[in-house]
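Descriptive analysis of the structure
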Amino acid sequence: MPREFPVPEPLHAHGPARVIAVCNQKGGVGKTTSTINMGAALAGYGRRVLVVDLDPQGALSAGLGVASHQLDRTIYNLMLERSTQIGDVLVPTKVPGMDLLPANIDLSAAEVQLINEVGREQTLGRALRPVLHAYDYILIDCQPSLGLLTVNALACSSAVVMPVAAEYFALRGVALLIDTISKVQERINPDLAIDGILVTLYDGRTVHSRDVVATLVDQFGETVYDTVISRTVKFPETSVAGEPILTYAPDSPASQAYLQLAREMISRKPA
Ligand code: ADP
Ligand code: MG
């Protein structure tokens, strides 16, 4: 039986933000979907949320209905130009209490350009610092790689949420990701910890899906969230609609699952 997590108390003051990297070097495991919907669920519980698109594909921005390819300034300018301030780039979303730092294909040049910067791993952290007090959560949607952009996310986060698809091959990458997280912890950011492993794309009808969860729990114990995100056709529909499932289909089991995840995250570490 899944545990119940209490509905969090309302907050009377906001910040400083808990910065969380949503990270897995494998694509298609639900990083972007989870960032959008964790963000919307946390905002639904009265938390102020900033979601950060750190993938040049811009799927997070698109998933929130922002046509980022038309924007003059994105997170790329914020990270690489001293003349761009965070306020020039932030955009509100349709979710009350949730803002977005958008990205587009420009960001694909950042990885190479950052190599020559002083303090290159801390670039994102420096960019976010002025707004840390304005939010309760900053969720960073990482690209599917362990390159310099992802290291920037890990360097300024205190926690990692690791979406893992309930598929056999998904398990292979987990050890590599944990190894990268340990290296960042040792060398750059001792505060970094894995908050949790989030099982996504779960299909309870298959033995296979259940086996993957059992293996994860065997290896990682309590690090695996009780909340599991099932596979549902609703998610691809929400990407087209450009909104979170919490507003697109609020009564769906998938919305309830992300609300439960938000409660579980808050009960693990109150904010
Ligand atoms: P990532 O950011 O890790 O590449 P996405 O969140 O973009 O992964 O998800 C990849 C694809 O899978 C998208 O088309 C998305 O709509 C779909 N998807 C994500 N989560 C689910 C789910 N629980 N059930 C069904 N489809 C999903
Ligand atoms: Mg993505």
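Figured I'd write up the structure that's included with this text. (Residues numbered from 1 in each chain as written. Chains lettered and ligands numbered in written order. Predicted model: local features only at pLDDT ≥ 70, side-chain atom pairs only at ≥ 80, totals over all residues. Heavy atoms only, no water.)

1. Describing the packing of helix α8 (residues 170–187) against helix α9 (residues 207–220)
One way to put it is that α8 packs onto α9 with a least axis distance of 11 Å and a crossing angle of 25°. Classed by the angle they form, the pair α8 and α9 counts as roughly parallel. For the element pair α8 and α9, the recorded crossing hand is right-handed. For the pair α8 and α9, the contacting residues are Leu171, Val174 and Ile178 in the first and Val212, Thr215, Leu216 and Phe220 in the second. Of the residues contributing to the contact of α8 with α9, the split by class is six nonpolar, one polar and no charged. (Axes fitted to C-alpha atoms, helices over the stretch in contact; angles between N-to-C directions. Helix = DSSP H or I, 4+ residues; strand = E, 2+ residues; numbered from the N terminus. Parallel < 35°, antiparallel > 145°, perpendicular 65-115°, else oblique. Left-handed = near helix turned anticlockwise from the far one by under 90°. Contact = heavy atoms within 4.5 Å. Nonpolar A, V, L, I, M, F, W, Y, C, P; charged D, E, K, R; others polar.)

2. A short note on the nonpolar core
Within the largest apolar cluster, 51 residues are counted, with the highest numbers of intra-cluster contacts made by Leu54, Ile75, Leu101, Leu128, Ile138 and Ile140. Residue contacts for leucine 128: discarding those within four places in its chain leaves Leu50, Val52, Ile86, Leu101, Ile138, Ile140 and Cys156. By size, the runner-up hydrophobic cluster in this structure holds 36 residues, among which are Val22, Ala43, Ala159 and Ile245. (Core = buried A, V, L, I, M, F, W, Y, C linked by side-chain atoms within 4.5 Å. Buried < 20%, exposed > 50% of the residue type's maximum accessible area, 1.4 Å probe, protein only.)

3. Topic: the packing of aromatic side chains
Under the counting rule described, the total for this entry stands at two aromatic pairs. Taking 5.9 Å as the distance between ring centres and 85° as the angle between the ring planes, the aromatic pair formed by phenylalanine 235 and tyrosine 258 counts as edge-to-face. With phenylalanine 235 in helix α10 (residues 234–241) and tyrosine 258 in helix α12 (residues 253–268), this residue pair connects regions lying 23 residues apart in the sequence. This pair shows no difference in class: phenylalanine 235 is buried, exactly as tyrosine 258 is. (Phe/Tyr/Trp six-rings, centres within 6.5 Å; stacked < 30°, edge-to-face > 60°.)

4. A few points about the pattern of salt bridges
In total, this model carries eight salt bridges according to the counting rule given. Of the charged contacts, one joins aspartate 203 and arginine 205 as a salt bridge, the two residues approaching to 3.1 Å between their closest N and O atoms. Residue classification places aspartate 203 among the buried residues on the basis of a relative accessible area of 16%. Here arginine 268 and glutamate 264 are joined by a salt bridge, their closest N and O atoms 3.7 Å apart. One end of the pair, arginine 268, and the other, glutamate 264, are both in helix α12, four residues apart, so they sit about a helical turn from each other. (Salt bridge = Lys/Arg side-chain N within 4 Å of Asp/Glu carboxyl O.)

5. A word on the layout of surface pockets
There is about 520 Å³ of room inside the largest pocket. Listing elements by their share of the lining of the largest pocket, those giving two or more residues are α1 (31–44), α2 (59–63), β5 (137–142), β7 (193–202), β8 (224–230) and α10. Of the residues forming the lining of the largest pocket, the biggest block, six residues, is contributed by α1. Here the lining of the largest pocket is built from residues that sort into 12 nonpolar, 13 polar and five charged. (1 Å grid on protein atoms, 1.4 Å probe; cavity = no way out; pocket = protein on both sides within 12 Å on 5 of 7 lines; lining within 4 Å. Points joined across faces, edges and corners; volume = space filled by probe spheres on them.)

6. Concerning α12
Taking 1.5 Å per residue as the helical rise, α12 with its 16 residues ought to reach 22 Å, and the 22 Å between its terminal C-alpha atoms agrees with that figure. Most of α12 is tucked away, with 12 of its 16 residues classed as buried. Inspection of α12 places Ala254, Ser255, Ala257, Tyr258, Leu259, Gln260, Leu261, Ala262, Arg263, Glu264, Met265 and Ile266 among the buried residues, and these make up the whole buried set. (Expected span 1.5 Å × (residues − 1).)

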